[in-house]
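Architecture at a glance
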Amino acid sequence: MIRGKPEKGLTVWRPFGDVEELGRRLDDAFGWPFLPAAWRRLPAEEGGWWPVLDVTEKDDKYVVKVELPGVKKEDVDVSVAGDVLTVSGEKHGESEVNKKGYHYTESSCGSFSRSIALPATVDAGKIDANFDKGILEITLPKSAEVKQKKIPVGGKP
């Protein structure tokens, strides 16, 4: 499991990161794929689609934006378990082109899940999520004791 230091901010959680790294090192060492292609396919790759997410730190909060084009609000689930924030859901989509001489249909569906480790500074009880036009925005307020405070300096001039 790969995790950053919680004090530094949010980190994408890659549960199979160590296995992926080992596979890359063995491939480099031998000059050819060490494991058969079927064995190299990790569970996280099965869905074939992971939504893009951006994390921004501000003075009083973290903001996570997740791009979910073609996903409906009711198909998205946001949860916190311990120090891990998880965004999961299902994508249902189909495009169809019907022109003279050919017919083309493409389906893009499946489940997805992205998890990130939360720093200890997040107030988990005040997390808020809003979904608008395919963008999920999750606001993670910092707890009061870790917000930056301006301290006046006293003493003789």
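Residues numbered from 1 in each chain as written. Predicted model: local features only at pLDDT ≥ 70, side-chain atom pairs only at ≥ 80, totals over all residues. Heavy atoms only, no water.

1. Let's talk about the overall build of the chain
Threshold: A run of H or I in DSSP becomes a helix once it reaches four residues, and a run of E becomes a strand once it reaches two; helices and strands are each numbered from the N terminus. The cut-offs for exposure are 20% and 50% of the maximum accessible area for each residue type, with area from a 1.4 Å probe on protein chains only; residues under the lower value are buried, those over the upper are exposed, and the others partly exposed. The accessible surface values rely on the Shrake-Rupley method and a 1.4 Å probe; as for residues, cover is taken only from the protein chains in view.
A tally of regular secondary structure across the chain gives two helices and ten strands. Ordering the α and β elements of the chain from the N terminus gives β-α-α-β-β-β-β-β-β-β-β-β. Counting all 157 residues of the chain, 24% fall into the buried class. A total of about 11,200 Å² of accessible surface is found on the chain, and carbon and sulfur atoms cover 53% of it.

2. Considering the pattern of salt bridges
Close approach of charged atoms allows side chains of opposite charge to pair. Rules: One speaks of a salt bridge when a side-chain nitrogen belonging to Lys or Arg is within 4 Å of a carboxyl oxygen belonging to Asp or Glu.
Applying the stated criterion across every chain, the model contains three salt bridges. Note that Lys 142 and Glu 57 form a salt bridge whose closest N and O atoms lie 2.7 Å from each other. With Lys 142 in the segment after strand S10 (135-141) and Glu 57 in strand S2 (residues 53-57), this pair connects stretches of sequence that are 85 residues apart.

3. Examining the environment of Thr 139
Where we set the bar: Should any heavy atoms of two residues lie within 4.5 Å, those residues are counted as being in contact.
Mapped onto the elements of the fold, Thr 139 is located in strand S10. Separated by 76 residues in sequence, Thr 139 and Val 63 have C-alpha atoms that sit 4.8 Å apart. For Thr 139, the residues in contact, after removing those within four places along its chain, are Lys 61, Tyr 62, Lys 126, Ile 127 and Asp 128.

4. Observations regarding the sheet that holds strand S9 (residues 128-132)
The cut-off we apply is this: For two strands to pair, DSSP has to find at least two bridges joining them. In this analysis, axes come from line fits to C-alpha atoms, helices being fitted only over the stretch in contact, and the angle between any two N-to-C directions falls in the range 0 to 180 degrees.
Read across the sheet, four strands follow the order S2-S3-S10-S9 without closing on themselves; strand pairing throughout is antiparallel. The open sheet terminates on both sides in strands that have one partner only, identified here as S2 and S9. In this sheet, neighbouring strand axes are inclined to one another by 15 degrees on average, regardless of whether the strands run parallel or antiparallel. Note that S2 and strand S3 (residues 61-67) share five bridges and pair antiparallel. Within S3, the residue paired with Val 55 across the bridge is Val 64.

5. Thoughts on the confidence of the model for the chain
Test applied: Scored from 0 to 100, pLDDT records how confident the predictor is in each individual residue.
Taken over all residues, the pLDDT of the chain has a mean of 77, while the share at 70 or more is 74%. Under a pLDDT of 50 for its full length, residues 1-7 has, in the predicted model, 18 contacts with residues more than four places off or in other chains. Of the regions scoring below 50 in pLDDT, residues 43-47 engages in six contacts with residues more than four places distant in sequence or in other chains.

6. Description of the nonpolar core
Defined as follows: Take the buried Ala, Val, Leu, Ile, Met, Phe, Trp, Tyr and Cys residues and link them wherever side-chain atoms come within 4.5 Å; each set so joined is a nonpolar core.
Judged by nonpolar contacts, the single largest core of 16 residues is most densely connected at Val 64 and Leu 140. Counting only elements with at least two residues in this core, the list comes to S3, strand S5 (84-91), strand S8 (110-117) and S10.

7. Structural notes on the pairing of S5
In terms of residue burial, S5 counts as a mostly covered element, since seven of its eight residues are buried. Pairing of strand S4 (residues 76-81) with S5, which is carried by six bridges, proceeds in the antiparallel orientation. Residue pairing across strands places Val 78 opposite Val 87, the latter belonging to S5. Between S4 and S5, which pair antiparallel one after the other, the connecting turn spans two residues, and Gly 82 there sits at a positive phi close to 65 degrees.

8. Examining the side chain of Thr 86
Using the following cut-off: In protein, a polar contact requires one atom able to donate a hydrogen and another able to accept it; more generally it is a pair of N or O atoms within 3.5 Å, and residues adjacent in sequence count only if both atoms are side-chain atoms.
Assignment of secondary structure puts Thr 86 in strand S5. Relative accessible area serves as the criterion here: at 16%, Thr 86 is assigned to the buried category. There is a polar contact of 3.0 Å between the side chain of Thr 86 and the side chain of Ser 115. Residues contacting Thr 86, with those up to four places away along its chain left out, are Asp 77, Val 78, Ser 79, Ser 113, Arg 114 and Ser 115.

9. Remarks on the packing of aromatic side chains
Note the following rule: When the centres of two rings from Phe, Tyr and Trp lie within 6.5 Å, Trp using its six-membered ring, the rings pair. Their planes under 30 degrees apart give stacked, over 60 give edge-to-face, and anything left gives tilted. Either the NZ atom of lysine or the CZ atom of arginine qualifies as a charge over a ring when it sits within 6 Å of the ring centre and within 35 degrees of the ring normal.
This structure, assessed with the given rule, holds zero aromatic pairs. Across from the ring centre of Tyr 62, 5.1 Å away, lies the NZ or CZ of Lys 142, which sits over that ring.

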